[in-house]
Amino acid sequence: MTDLQGAFGVGLATVTAAGTILDVWYPKPVLGRETADAHIDLSAAERTDAIREVRLCVVRTEITDLADAAVDTADVYLRLHLLSTRLVKPRSINLDGIFALLPNNVWTNLGPVPAENIDTVRLAAAIAGTRLSVYGVDKFPRMTDYVVPSGVRIAHADRVRLGAHLAAGTTVMHEGFCNFNAGTLGSSMVEGRISQGVLVGDGSDIGGGASIMGTLSGGGSTVVSIGERCLLGANAGVGISLGDDCIVEAGLYVTAGTKLHLLEGKSTRVMKAADLSGRSGLLFRRNSINGSVEALPRAGSWGGLNVALHAGQ
């Protein structure tokens, strides 16, 4: 897990009349114990929202050890903030059981609303002369409503969940997506999907429509990493880790069980792609004549990221 020990934050929570916490915004989360620097005065923001029938109130949240499981909604939100503010890296803290601690909210322009109350709130907003817009129904909000990390570009805010970790120099284009507890470790172009638990190394390009398998769907436990200076072609996908300087041809999906031919010099071996997981300097392609999947050592650069697109963000 982590050697980081604990964390602390003063936040502004949205609380229902029944006492359910819908969300918490932590403007200045910190690692370690409570200190004077960690305090921020949010008392002026406390109020009652008559339209949504909720209260906005200040909460203090302290986590003794980030290796322990979260205990409540405020605890989970602090952990998600730590990830998105880059205070911790994905897969370094305990996020076991967080789905059970997060309410399924309707995310609106007025803030979170319990799903069962949305019609009542919509009517109350109309009576007050306010039009209610719904952005989604989910346990996780979009990151940019809570954290906007420096040095990044995000073309479509709905495509990045709170708890995503985007390093400086990262660009997430309109169809790119980054889940919580996942993200980039350096400058990257993201036009495809970074699933939960996935790490993408510096200088890598996740092409349009490309997919990296996470650990949520199907109850899998294997975590996938993409090394540095890799290219995942358009509409390609991987269910194995890539080392540095790898390319997956456009349209090719390589899962752990994919049978492929490893071409090394004059020798050819048939193996599962899982046996090559994490290996550097490979090109994965489909033979256009016989349709077989092949992996072969490669050298040189595929061109790399466009420096002008990632500089000065």
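Residues numbered from 1 in each chain as written. Predicted model: local features only at pLDDT ≥ 70, side-chain atom pairs only at ≥ 80, totals over all residues. Heavy atoms only, no water.

For the protein chain, an unreviewed UniProt entry supplies the name 2,3,4,5-tetrahydropyridine-2,6-dicarboxylate N-succinyltransferase and the organism Nakamurella antarctica. The UniProt entry for the protein chain carries this comment under Catalytic activity (unreviewed entry): "(S)-2,3,4,5-tetrahydrodipicolinate + succinyl-CoA + H2O = (S)-2-succinylamino-6-oxoheptanedioate + CoA". (UniProt positions renumbered as here; feature names shortened; annotations may be inferred.)

Caption draft 1: Structural context of the overall build of the protein chain. Tallying secondary structure elements over the protein chain gives three helices and 27 strands in all. Taken over the C-alpha atoms alone, the protein chain extends approximately 75 × 45 × 40 Å along its principal axes. Counting all 313 residues of the protein chain, 49% fall into the buried class. Within the protein chain, counting contacts between residues at least 6 apart in sequence, those at least 24 apart form 49% of the total. Carbon and sulfur atoms make up 51% of the accessible area of the protein chain, which totals about 14200 Å². Side-chain charges in the protein chain split into 27 positive and 30 negative, and the spacing between the mean points of these groups amounts to 7 Å. (Helix = DSSP H or I, 4+ residues; strand = E, 2+ residues; numbered from the N terminus. Buried < 20%, exposed > 50% of the residue type's maximum accessible area, 1.4 Å probe, protein only. Contact = heavy atoms within 4.5 Å. Areas by Shrake-Rupley, 256 points an atom, 1.4 Å probe, with all protein chains shown as cover. Lys, Arg positive; Asp, Glu negative; His and termini not counted. Charge placed at Lys NZ, Arg CZ, Asp CG, Glu CD.)

Caption draft 2: Inspection of the sheet that holds strand β10 (residues 164-165) at higher detail. Strand order in this open sheet of four strands is β10-β13-β16-β19, and the pairing throughout is parallel. Sheet topology places β10 and β19 (225-226) at the edges, where each strand pairs with a single neighbour. (Pairing = 2+ DSSP bridges.)

Caption draft 3: Highlighting the domain arrangement of the protein chain. Here the protein chain is described as being made up of domain 1 (7-138) and domain 2 (143-297). Once you take the C-alpha centre of each, domain 1 and domain 2 turn out to be 31 Å apart. In this assembly, 19 residues from domain 1 lie in contact with 26 residues from domain 2. Connecting domain 1 to domain 2 are one salt bridge. Run the count over domain 1 and domain 2 and you get eleven residue pairs in polar contact (both at pLDDT 80 or more). Broken down by secondary-structure element, the contributors of at least two residues to the side of domain 1 that touches domain 2 are β2 (21-25) and α1 (73-84). With five residues, α1 is the largest single contributor of residues to the side of domain 1 that touches domain 2. Broken down by class, the residue content of the side of domain 1 that touches domain 2 amounts to eleven nonpolar, three polar and five charged. (Domains from an automatic or database assignment. Salt bridge = Lys/Arg side-chain N within 4 Å of Asp/Glu carboxyl O. Polar contact = N/O pair within 3.5 Å; in protein donor to acceptor, adjacent residues only side chain to side chain. Nonpolar A, V, L, I, M, F, W, Y, C, P; charged D, E, K, R; others polar.)

Caption draft 4: Main features of the pattern of salt bridges. Scanning the model with the defined rule gives eleven salt bridges in all. In this structure, the salt-bridge partner of R47 is D49, at a minimum N-O distance of 4.0 Å. On the basis of relative accessibility, which here comes to 45%, the residue R47 falls in the partly exposed class. Here R161 ties to D138 by a salt bridge, and the two come within 2.8 Å at their closest N and O atoms.

Caption draft 5: Seen up close, the UniProt feature "binding site: succinyl-CoA" (unreviewed entry) in the protein chain. In this structure's numbering, the residues bearing the UniProt feature "binding site: succinyl-CoA" (unreviewed entry) are R193, G208, S211, A234, E249, A250, G257, K272, R285, R286, N287 and S288. Look at the named residues: they lie 96 residues apart in sequence, and the longest C-alpha span between them is 26.0 Å, so in the fold they stay spread out. In this structure, E249 sits in the loop between β22 (247-248) and β23 (253-254). You can call E249 partly exposed: its relative accessible area is 31%. Apart from the residues within four sequence positions on either side, E249 is in contact with G233, A236, F284, R285 and R286. You can see N287 is positioned in the loop between β26 (282-286) and β27 (293-297). With sequence-adjacent residues up to four places away left out, N287 is seen in contact with S292 and E294. A distance of 2.8 Å separates a polar side-chain atom of N287 from the backbone nitrogen of I289.

Caption draft 6: Representation of the side chain of H165 in the model. Within the secondary structure, H165 is located in strand β10. Residue classification places H165 among the buried residues on the basis of a relative accessible area of 6%. Excluding its chain neighbours within four sequence positions, the residues that come into contact with H165 are L83, R86, V88, K89, P90, A182, G183, T184 and L185.

Caption draft 7: Broad picture of the pairing of strand β5 (residues 54-63). Sheet topology places strand β1 (residues 7-16) next to β5; ten bridges connect them, and they run antiparallel. The residue of β5 that forms the bridge with A13 is C57. Looking at chain direction, strand β4 (residues 47-49) and β5 are connected through three bridges and run antiparallel. Bridging across to β5, R47 finds its partner in L56. Counted along the chain from β4 to the antiparallel partner β5, the turn is four residues long, and its residue E53 has a positive phi close to 55°.

Caption draft 8: Examining the pairing of strand β6 (residues 105-108) more closely. Side chains N105 and W107 of β6 all project onto a buried face; the interleaved residues V106 and T108 project onto the opposite face, where all are buried too. Judged from the four bridges that link them, β6 and strand β7 (residues 111-114) form a sheet pairing that is antiparallel. Looking at β7, one finds that W107 is bridged to P112. In this structure, the hairpin formed by β6 and β7 is closed by a connection of two residues. As paired elements, β6 and strand β8 (residues 134-138) share four bridges and run antiparallel to each other.

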